[in-house]
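Tertiary structure, described
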Protein chains: 2
Amino acid sequence: MTKVTILDIAEHTGVSAGTVDRVIHNRGEVSLKTREKVLQAIKKLNYEPDILARSLASRKTLRFAALLPEGSNPFWIKPAEGLNAAWREIKPFGIAFEEYRFPYYHKTKFYRQLNAITESKPDGVVIAPVFTDLLQEPLQKLEDSGIPYVFMNTQWENSNYLSFVGQDSMQSGRVAARLLDYCIPEGGQILIFNFISSKGVNSHLQSREQGFMDYFMSEPGAGKKKILTINANTQINKDIEDLLSYHLGLISNPDEITGIFVTNSRVFHIANALEKIKQANIRLVGYDLLDENIRHLRNSRIDFLIGQKPFEQGYKSIITLFNAIVRKKEVPENQFLPIDIITKENIDFYLNL
Amino acid sequence: MTKVTILDIAEHTGVSAGTVDRVIHNRGEVSLKTREKVLQAIKKLNYEPDILARSLASRKTLRFAALLPEGSNPFWIKPAEGLNAAWREIKPFGIAFEEYRFPYYHKTKFYRQLNAITESKPDGVVIAPVFTDLLQEPLQKLEDSGIPYVFMNTQWENSNYLSFVGQDSMQSGRVAARLLDYCIPEGGQILIFNFISSKGVNSHLQSREQGFMDYFMSEPGAGKKKILTINANTQINKDIEDLLSYHLGLISNPDEITGIFVTNSRVFHIANALEKIKQANIRLVGYDLLDENIRHLRNSRIDFLIGQKPFEQGYKSIITLFNAIVRKKEVPENQFLPIDIITKENIDFYLNL
DNA sequence: AAATTTTCCGTGTGCGTACACGAAATTAAA
DNA sequence: TTTAATTTCGTGTACGCACACGGAAAATTT
């Protein structure tokens, strides 16, 4: 039960190791006849190359690149850590890795960096496609060079990505809906709060909202709750407070609103505002384990956070490239990460994911 | 910025590769003076061995073993898959792996298998210590042989395990409590249902119950709910139905019980019984993604399941051995996996974890 | 001082694969 | 048929490390 090597199948075929190597790598210079014989022997002896010896002997180093926002945006710290953690593991296999960052809202630099990546001709790319308009052309250039790329966190349908690693946005909205539905009594009113931005991409916010609405449309018995949506284009505390006060005041009975769903990680702004305008007893659900959100979850001003496993998004993206390119495995087109429901009680176990 | 090899530090020290190799492996036959010089050079040049070349050159294969219940118990299928998935990844490094199984309730065979493992003198072991009494002695034999072992799923404090991979049972009880607390109105009554067994180990059931109770003791405003505990030593449908009917009947107002917490994966029994005795509108929380539980979650007879990431438990246990033994890394003493909160809406993303 | 032992160290080979180089075999051109 | 041009294949070396073997140097004994 010893390991089958390249020499075994050379012997078995009556040729030399070099020849076998040539057919394995499709490097030509082998007659069709012997080529067939070698291939048969490979199948028969069930040979599979030793990945260790392979990358030891191969002098060339593969280069991976990643395009993602700068760490100044707190959400993007974890994915970067995941990328690098995965890289450390595959580094011994002769993989180089370079990050290309851009300021979160800076569309121009995003495209510039993407082109820079294409020009550097890496062997694989991870992209967080924060901006999706005008993505067609630079992405096409990548594809023309035959460079595979993985989408991380956000998806861009109209393209031939190798794999997508992230969350099912619409379904995460349904999860949020379920939680609020359980938490608040019949007749309660629910607020959806969208922090939209003219500069960034908001498509996943829409998906989340839609999933949320879907739930209340389809779940039997849940339709009795009224739902109100606010789209806000501000992050200024005072504005948010006023906005909330106004909408809470609109309702005849101010106690009626009993739940708020914030469709992104800015939920801490709402928590702050609710505290300021002295509104307790409103269930609050939002996204992501930012420090400020964690704080509010711990002191119960936020009730649920939905986690996206940002670290794993990065980790898995790199591993996907590795599996596809080095191990030559099939990789799934979509890798949906779990939609984590996080409370004060279980948050400690999600902090590094 | 090229890679530092054993030859680089040999040159730098003025000795040969063989000598460097001897000090790296503490194989003696090196004078104290040159030994020091080599060690300094290693530090200075920041040398770290190439794990690929290392395991390629090393002829010896390490052997890992795992002790866990048979797959006839549905819970233990996933951990076994995780073990094997991890093994496939590290197999190229010359790792062999053997499973030792035992019938879930068969204490004698458990110990017999544990001793068999010890006698086979593996290089690392994963143990699911389902039975903890009398564990002292066979475990001591393992330790005397200097064989490191990882606890999977269950912990056994009184021992020098390398690492524990599993869930914080008590905290998971708190999570369950939080969920029921949110779901049911003030004045509602809650039932804790323990499926105890005279044959198996119940310690984590106790922890879960205690965490559950703790929550209601400490969380402000939550204490207003009455809590009742049932310990059942049966898995016969009729018995369970009678038991539930009886306790539901005990209460003056039968509608008062609005939540049931089942402390293990047998929650499907309760779901079945509730259906049989025509009790809807009772929130039900339990553990683990068994097929029957999933079914009930999907048709809303179970509201929340708490997931333990059984696949990852297996996966991480093997990887932990690998990191400790092959990569010679520090491994954390306790590796608590997330306490997943699972509903109908997000279950699809947890099925393989 | 020679003989013996002990300590210390260098050399060489192999792990399984990649790839360059050149030789042999085949085919095409003369 | 001879020679040149191609095609096809074998050999050798390298990747970074582990380990066996044996030899030189030092320490110890006669």
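In this text the structure is predicted, and so the values were computed from the model without any measurement. (Residues numbered from 1 in each chain as written. Chains lettered and ligands numbered in written order. Predicted model: local features only at pLDDT ≥ 70, side-chain atom pairs only at ≥ 80, totals over all residues. Heavy atoms only, no water.)

1. Re unusual backbone geometry
Comment: phi is negative for the bulk of residues other than glycine, and the bulk of peptide bonds are trans. One non-glycine residue, Glu29 of chain A, adopts positive backbone phi at about 60°. By secondary structure assignment, the location of Glu29 of chain A is in the loop between α2 (17–24) and α3 (32–44). Accessibility expressed as a relative area gives 72% for Glu29 of chain A, which makes it exposed. Phi is positive for Lys121 of chain B, which is not a glycine, with a value near 50°. Structurally, the position occupied by Lys121 of chain B is in the loop between α6 (107–120) and β3 (124–127). For Lys121 of chain B, a relative accessible area of 52% translates into the label exposed. (Helix = DSSP H or I, 4+ residues; strand = E, 2+ residues; numbered from the N terminus. Buried < 20%, exposed > 50% of the residue type's maximum accessible area, 1.4 Å probe, protein only.)

2. Overview of the side chain of Ser169 of chain A
Summarising the element assignment, Ser169 of chain A is placed in helix α8 (residues 169–183). The contact partners of Ser169 of chain A, leaving out residues within four places of it in the chain, are His204, Ser207, Arg208 and Tyr287 of chain A. (Contact = heavy atoms within 4.5 Å.)

3. Focus: the relation of the copies chain B and chain A
After a rotation of 180° and a shift along the axis of 0.1 Å, chain B superposes on chain A with an RMSD of 0.2 Å. Viewed as a symmetry operation, the transformation between the two copies matches a two-fold axis. Comparing interface residues between copies, 100% of those in chain B also lie at the interface in chain A; the contact surface is shared. (Least-squares fit on C-alpha atoms with pLDDT ≥ 70 in both.)

4. Brief notes about the environment of Gln140 of chain B
Here Gln140 of chain B lies in helix α7 (residues 136–144). Taking the C-alpha atoms as reference points, Gln140 of chain B and Ile184 of chain B, separated by 44 residues in sequence, lie 48 Å from one another.

5. What to know about the domain arrangement of chain A
The assigned domain composition of chain A is domain 1 (6–49), domain 2 (62–166 + 310–337) and domain 3 (169–307). Computed over C-alpha atoms only, the centres of domain 1 of chain A and domain 2 of chain A are separated by 36 Å. (Domains from an automatic or database assignment.)

6. With respect to the environment of Ala17 of chain B
Residues and elements named next belong to chain B. Its place among the elements puts Ala17 in helix α2 (residues 17–24). The exposure class assigned to Ala17 is partly exposed, which follows from its relative accessible area of 27%. C-alpha of Ala17 to C-alpha of Ile6: the two residues are eleven residues apart in sequence and 6.2 Å apart in space. Excluding its chain neighbours within four sequence positions, the residues that come into contact with Ala17 are Ile6, Leu7 and Ala10.

7. Let's talk about the protein's contact with DNA strand C
Residues in close proximity to DNA strand C total 25 residues, the closest being Ile6, Asp21 and Arg54 of chain A together with Ser16 and Thr19 of chain B. The protein-proximal atoms of DNA strand C, defined as those within 4 Å of the protein, are 65% sugar or phosphate. A distance of 3.4 Å separates a phosphate oxygen of DNA strand C from a polar atom in the side chain of Lys60 of chain A. Within the backbone of Leu56 of chain B, a nitrogen or oxygen atom sits 3.5 Å from a base oxygen of DNA strand C. Elements supplying a minimum of two residues to the surface near DNA strand C: α4 (51–57) of chain A together with α2 and α4 (51–57) of chain B. Among the residues forming the surface near DNA strand C, the class breakdown is nine nonpolar, eight polar and eight charged. (Near = heavy atom within 4 Å. Polar contact = N/O pair within 3.5 Å; in protein donor to acceptor, adjacent residues only side chain to side chain. Nonpolar A, V, L, I, M, F, W, Y, C, P; charged D, E, K, R; others polar.)

8. What about the protein's contact with DNA strand D?
Surrounding DNA strand D, one finds 25 residues, the nearest of these being Thr19 and Ser31 of chain A together with Ile6, Tyr47 and Arg54 of chain B. The sugar-phosphate portion of DNA strand D accounts for 64% of its atoms within 4 Å of the protein, the bases making up the rest. Between Asp21 of chain B and DNA strand D, the recorded distance is 2.8 Å, taken from a side-chain N or O atom to a phosphate oxygen. Measuring from a phosphate oxygen of DNA strand D, one finds a side-chain N or O atom of Lys60 of chain B at 3.5 Å. Listing elements by their share of the surface near DNA strand D, those giving two or more residues are α2 and α4 of chain A together with α4 of chain B. Residues belonging to the surface near DNA strand D are distributed by class as follows: nine nonpolar, eight polar and eight charged.

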